[in-house]
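Listed below are the residues making up each chain.
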Amino acid sequence: MIKIIDSRTNPYIKYVEKLKNTSFSKEERKFLVENPHLIEMAKGHIDTILTTEKLDETIYNNQVIINEIVYQKISQNKSTRNLLAVCNFIDEKPLENRNLIYLDNVQDPGNVGTIIRSALAFNFTDLALSKDSAYKYSFKTIQSSQGAIFKTNILDG
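This is a predicted model, so every value here is computed, not measured. (Residues numbered from 1 in each chain as written. Predicted model: local features only at pLDDT ≥ 70, side-chain atom pairs only at ≥ 80, totals over all residues. Heavy atoms only, no water.)

1. Quick notes on the overall build of the protein
Piece 1. In terms of regular secondary structure, the protein is built from six helices and eight strands.
Piece 2. Order of helices (α) and strands (β) in the protein, N terminus to C terminus: β-α-α-β-α-β-β-α-β-β-α-β-α-β.
Piece 3. Its C-alpha atoms give the protein a radius of gyration of 16 Å, within 12% of the compact-globule value 15 Å for 157 residues.
Piece 4. A burial count over the protein gives 44% of its 157 residues as buried.
Piece 5. Restricting to contacts in the protein with at least 6 residues of sequence separation, those with at least 24 account for 74%. (Helix = DSSP H or I, 4+ residues; strand = E, 2+ residues; numbered from the N terminus. Rg over C-alpha atoms; globule rule 2.2 N^0.38 Å. Buried < 20%, exposed > 50% of the residue type's maximum accessible area, 1.4 Å probe, protein only. Contact = heavy atoms within 4.5 Å.)

In structure tokens:
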């Protein structure tokens, strides 16, 4: 299904804007992803794609076409690529092995994402975050994980 939205005050655009807020994101169990590479890795978790150009409907069947002004309102990325996805939370799975990385009070989201990416590089697929660690679905965490967040099992504290 393809919708066209050209107003920054549209209720859905306001909803997407609110997903930048951690508590609202947790409440809705949704998060935002920008960057074509990350969106490619997020397949299977994507609820809606927001884009300035129509995409292949066989790959992205739930699209919202928006203009540049609307995109700039919802984008968290300084260099725009005109592609953003609203994704559903990734289901946490039981721990699969005894090798686990535990992040205790790591508050910088960039550091959390980098640790997730590095863990995956060393075949650690299970991670756990303390309740005082950065939000695993923050924009900076996802960006710095370079998509590793979609290939790891991350348990929240």
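2. Details of the pattern of salt bridges
For side chains of opposite charge, pairing can occur when their charged atoms come near one another.
Piece 1. In this structure the tally under the stated criterion is five salt bridges.
Piece 2. With a shortest N-O distance of 3.2 Å, E92 and K136 are connected by a salt bridge. Here E92 is found in the loop between β5 (83–88) and β6 (101–103), whereas its partner K136 is found in the loop between β7 (126–129) and α6 (139–145), with 44 residues between them in sequence.
Piece 3. For K136, a relative accessible area of 4% translates into the label buried. (Salt bridge = Lys/Arg side-chain N within 4 Å of Asp/Glu carboxyl O.)

3. Comments concerning helix α5 (residues 109–121)
Turn by turn, an α-helix covers 3.6 residues, leaving residues three or four places apart pointing in a common direction.
Piece 1. When the terminal C-alpha atoms of α5 are compared, their 19 Å separation across 13 residues agrees well with the 18 Å that a helix rising 1.5 Å per residue should span.
Piece 2. Along α5, the residues classified as buried are G110, V112, G113, I116 and A119.
Piece 3. Buried-residue contacts for α5 involve β6, β7, α6 and β8 (153–156).
Piece 4. Measuring from the side-chain oxygen of the N-cap residue of α5 to the backbone nitrogen of G110 gives 2.9 Å; that N-cap residue is D108.
Piece 5. One or two positions beyond α5, positive phi appears at N123, with a value near 65°. (Expected span 1.5 Å × (residues − 1). Polar contact = N/O pair within 3.5 Å; in protein donor to acceptor, adjacent residues only side chain to side chain.)

4. Some details on the environment of M1
Piece 1. You can see M1 is positioned in the segment before β1 (2–5).
Piece 2. The class for M1 is exposed, based on a relative accessible area of 58%.
Piece 3. Taking the C-alpha atoms as reference, M1 lies 9.8 Å from T48; in sequence the two are 47 residues apart.

5. Thoughts on unusual backbone geometry
Among all residues except glycine, the phi angle is most often negative; among peptide bonds, the trans geometry is most common.
Piece 1. With a phi angle near 60°, R29 is a residue other than glycine that sits in the positive phi range.
Piece 2. Note on placement: R29 falls in the loop between α2 (22–28) and β2 (30–34).
Piece 3. With relative accessibility at 44%, the residue R29 sits in the partly exposed group.

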